[in-house]
Amino acid sequence: MINLTTLTFLSSFLFLLATLSHSLPLTTDSRWIVDDTSGHRVKLRCANWPGHMEAMVPEGLDRQPVDDISKLIPQLGFNCVRLTWATWSFTRDGYQNLTVSQSFKKLGLTDARDGIMKNNPDLLHVGIHDAQAAVVNSLGEHGVMVVLDNHISTPMWCCSENDNNGFFGDSDFDPEEWIRGWKVVAERYKDNQWVVGLSLRNELRGSKQNVSVWFHYTQKCAKAIHAIDPKTLVIVSGLDYDSDLSFLKDRPYGLDLNKKLVFEFHWYSFTAGQQPKWLSEPINEMCTKSREWFQKQAGFLLTTSRNRTETYPLFLSEFGIDERGLNEADNRYFTCFCTIAAENDLDWAVWGLQGSYYQRDGIEGPTETYGVLDTTWSRPKNYDVLGRFNLLQHILQDSNDRAAQYYTLLYHPQTGRCGQVIGDDKVYQENCKQRSGWEHKGDGSPIRLRGTPMCLKAQGENLPVLVTEDCNDKMSRWSFLPPSELHIGTKDARGNDLCLEWQASDYYTFLTTKKCVLDGKVSSERQWFQLIPTNVDVEK
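Thresholds, definitions, all that
- Residues numbered from 1 in each chain as written.
- Predicted model: local features only at pLDDT ≥ 70, side-chain atom pairs only at ≥ 80, totals over all residues.
- Heavy atoms only, no water.
- Helix = DSSP H or I, 4+ residues; strand = E, 2+ residues; numbered from the N terminus.
- Buried < 20%, exposed > 50% of the residue type's maximum accessible area, 1.4 Å probe, protein only.
- Contact = heavy atoms within 4.5 Å.
- Areas by Shrake-Rupley, 256 points an atom, 1.4 Å probe, with all protein chains shown as cover.
- Lys, Arg positive; Asp, Glu negative; His and termini not counted.
- Charge placed at Lys NZ, Arg CZ, Asp CG, Glu CD.
- 1 Å grid on protein atoms, 1.4 Å probe; cavity = no way out; pocket = protein on both sides within 12 Å on 5 of 7 lines; lining within 4 Å.
- Points joined across faces, edges and corners; volume = space filled by probe spheres on them.
- Nonpolar A, V, L, I, M, F, W, Y, C, P; charged D, E, K, R; others polar.
- Pairing = 2+ DSSP bridges.
- Axes fitted to C-alpha atoms, helices over the stretch in contact; angles between N-to-C directions.
- Disulfide = S-S within 2.5 Å.
- Salt bridge = Lys/Arg side-chain N within 4 Å of Asp/Glu carboxyl O.
- Parallel < 35°, antiparallel > 145°, perpendicular 65-115°, else oblique.
- Left-handed = near helix turned anticlockwise from the far one by under 90°.

S.K.: Lay out the overall build of the protein chain in plain terms, naming residues and giving numbers.
M.R.: If you tally the helices and strands in the protein chain, you get twelve helices and 25 strands. With respect to the three principal axes, the spread of C-alpha positions in the protein chain is 75 × 60 × 45 Å. The buried share among the 540 residues of the protein chain stands at 60%. Of all intrachain contacts in the protein chain linking residues separated by at least 6 positions in sequence, the fraction that spans at least 24 positions is 71%. Accessible surface, the protein chain: about 20,900 Å² in total, of which carbon and sulfur atoms supply 48%. The protein chain carries 56 positive and 69 negative side-chain charges, and their two centres are separated by 3 Å.

This is the structure in structure tokens:
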């Protein structure tokens with residue numbers, strides 16, 4: 001039996017499926033990635049699909065036919081794949097003529113080989129490069145864009161401090177060989193319109209990290225592949241596992257690539273040693289610190305400053321959580337992450353698509369707990385987690401001059417849902433496709449229903465919030481409260497703080513006010529709300 005959660009999920013993403021068409025290639029317009037023909041925004045909402053490990057074949061071909069996987073991806077609301085590959089697979093002897101069957105036989109992966117024979121028999125005896133190309137072509141046939149990501153030099157799991165693959169000049173990371181490999185890949189895919197981005201290198205790291213060396217080699221490689229394929233975006237990662245682009249504040253990159261340059265950033269609960277803090281620090285303060293940290297490390301690229309006039313698209317090319325919901329640090333981090341991704345309308349790629357691996361760390365067929373898909377590769381692991389991507393999978397801001405005037409959406413990051421007025425005087429929790437627009441002029445002012453004289457008014461603790469014309473009442477005035485600035489509160493007749501919160505009934509969930517939970521010592525994410533800016537009236 002299909003439950004209500006599944007039906008809600010399906011209705012949301014079937015709508016998105018109908019709206020994924022646009023022209024290619026892509027280019028940039030200030031901080032946005034846009035359609036080169038029309039100038040309209042194209043938002044990358046991607047899933048990572050690993051193909052860089054020992055077998056050097058994109059994962060999952062032993063579980064499902066490649067076309068079935070490609071067809072499923074847009075049905076889940078994604079419009080692109082970040083497909084990873086290893087340098088040596090294109091540069092070292094022994095790999096050039098290696099077939100899929102030979103690769104799996106060499107690794108002793110009999111079950112995986114048999115699975116490919118069953119599900120993708122046409123790929124078993126082709127070369128590993130042709131198997132990769134078959135995946136890229138299948139994705140394109142299903143309208144899915146591809147970002148090719150050079151993930152590592154040695155085909156293996158990534159990443160660690162001491163894997164000899166971390167930075168230019170490490171024993172297994174010859175930068176000239178890396179550029180040579182990229183030239184081969186760029187030449188191979190330069191005529192494939194669905195390959196829209198070339199991501200230079202995943203998670204630079206280790207003791208040899210050096211900003212000047214980073215500038216030298218990233219620019220050298222970017223120029224080389226741009227000369228081969230000038231239509232495709234070039235995506236550049238930072239330092240410290242791609243969690244640091246802060247050095248670009250004071251030193252411009254100095255390379256434009258004819259509006260094809262994008263920067264990328266990674267953020268997990270464990271990034272920069274943050275994981276214990278998500279469990280030990282008050283959640284309101286931790287999220288505030290994390291939002292400041294993101295701005296310092298990379299978010300500044302999205303806006304100009306007194307000393308810096310250039311802005312660039314920022315592709316959050318890796319983030320993710322344990323999709324089983326068992327990791328509390330991940331759960332807390334993800335709600336905070338959603339606040340940043342939504343308010344900045346970021347392009348992104350979740351780690352990862354895969355429900356399993358052929359082999360990882362010497363173990364055959366392990367499950368990926370961070371994977372969107374289950375181990376069958378035929379359905380999501382967790383519909384509730386995927387539902388939280390709801391608003392993030394919509395274009396919220398369009399750079400085109402013909403876009404609508406800005407207004408805001410009442411967004412609840414813990415559920416991924418938005419507030420909507422439906423017929424009566426209450427606000428209901430709905431899929432963000434079905435959303436009301438709001439206007440708020442700042443702390444202490446009413447939150448007005450767009451295009452009407454109506455506004456939100458509290459009635460008291462544990463009572464529904466009304467949509468009313470009584471907008472001068474003290475309980476119709478709303479402010480964002482510290483320390484999170486994510487609590488939207490008003491004061492009751494006695495001067496007590498009341499905050500927005502959802503209240504579930506037997507049939508629906510409506511907006512109410514409850515006593516504010518501001519110290520963060522207990523979970524307070526249920527009271528986090530944002531007014532997310534958008535200038536898009538028609539769903540994209």
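Moving on from the coordinates now.
S.K.: Describe the layout of surface pockets, and please don't skip the residues or the numbers.
M.R.: Here the second largest pocket defines a volume of roughly 400 Å³. Along the wall of the second largest pocket there are 19 residues; nearest its centre are Cys158, Glu203, Tyr268, Phe270 and Glu318. Classifying every residue of the lining of the second largest pocket by side-chain character gives nine nonpolar, five polar and five charged.

S.K.: Account for the sheet that holds strand β7 (residues 233-236), naming residues and giving values.
M.R.: Pairing is parallel around the closed barrel formed by eight strands, whose spatial order is β3-β4-β5-β6-β7-β8-β9-β10. The sheet shows a mean angle of 30 degrees between the axes of neighbouring strands, direction not considered. Across seven bridges, the pairing between strand β4 (residues 80-86) and strand β5 (residues 145-152) is parallel. By the bridge assignment, Thr84 is partnered in β5 with Asp149.

S.K.: Go over the state of the cysteines with me, naming the residues and quoting the values.
M.R.: Counted according to the given criterion, the structure contains six disulfides. The partner cysteine of Cys455 in its disulfide is Cys471, sulfur to sulfur 2.3 Å. Looking down the S-S bond of the Cys455 and Cys471 bridge, the torsion is -120 degrees, so its handedness is left-handed. Taken together, the residues Cys455 in strand β18 (residues 455-457) and Cys471 in the loop between β20 (466-468) and β21 (479-481) connect sequence positions 16 residues apart. Grouping residues by exposure puts Cys455 and Cys471 together as buried.

S.K.: Go over unusual backbone geometry, please, and point to the residues and values.
M.R.: In this structure, Pro25 follows Leu24 across a cis peptide bond, with omega equal to 10 degrees. Residue placement: Pro25 occurs in the loop between α1 (4-17) and β1 (26-29). Cis geometry is adopted by the peptide bond preceding Pro483, which originates at Pro482 and carries an omega value of 5 degrees. Secondary-structure assignment places Pro483 in the loop between β21 and β22 (487-491). One non-glycine residue with positive phi stands out, namely Ala272, at about 55 degrees. With respect to the element layout, Ala272 can be found in the loop between β8 (261-266) and α9 (275-280). The exposure class of Ala272 is exposed, given its relative accessible area of 57%.

S.K.: Give a detailed account of the pattern of salt bridges, specifying residues and quantitative values.
M.R.: For the structure on display, the rule yields 26 salt bridges. Of the charged contacts, one joins Asp345 and Arg41 as a salt bridge, the two residues approaching to 2.6 Å between their closest N and O atoms. Here Asp345 is found in the loop between α11 (328-343) and β10 (347-350), whereas its partner Arg41 is found in the loop between β2 (32-35) and β3 (45-49), with 304 residues between them in sequence. The exposure class assigned to Asp345 is buried, which follows from its relative accessible area of 0%. The class of Arg41 is buried, set by a relative accessible area of 4%. Because the salt bridges share partners, they merge into one network encompassing Arg41, Lys43, Asp345 and Asp347.

S.K.: Please give an account of the packing of helix α2 (residues 66-75) against helix α6 (residues 128-141) that cites residues and values.
M.R.: At a minimum axis distance of 9 Å, the contact between α2 and α6 shows a crossing angle of 45 degrees. In terms of orientation, α2 lies oblique with respect to α6. Along this stretch, α2 crosses α6, giving a crossing that reads as right-handed. In this structure, α2 uses Val66, Asp67, Ser70 and Ile73 to contact α6, whose residues at the interface are Val135, Ser138, Leu139 and Glu141. Of the residues in the contact of α2 with α6, the class split is four nonpolar, two polar and two charged.

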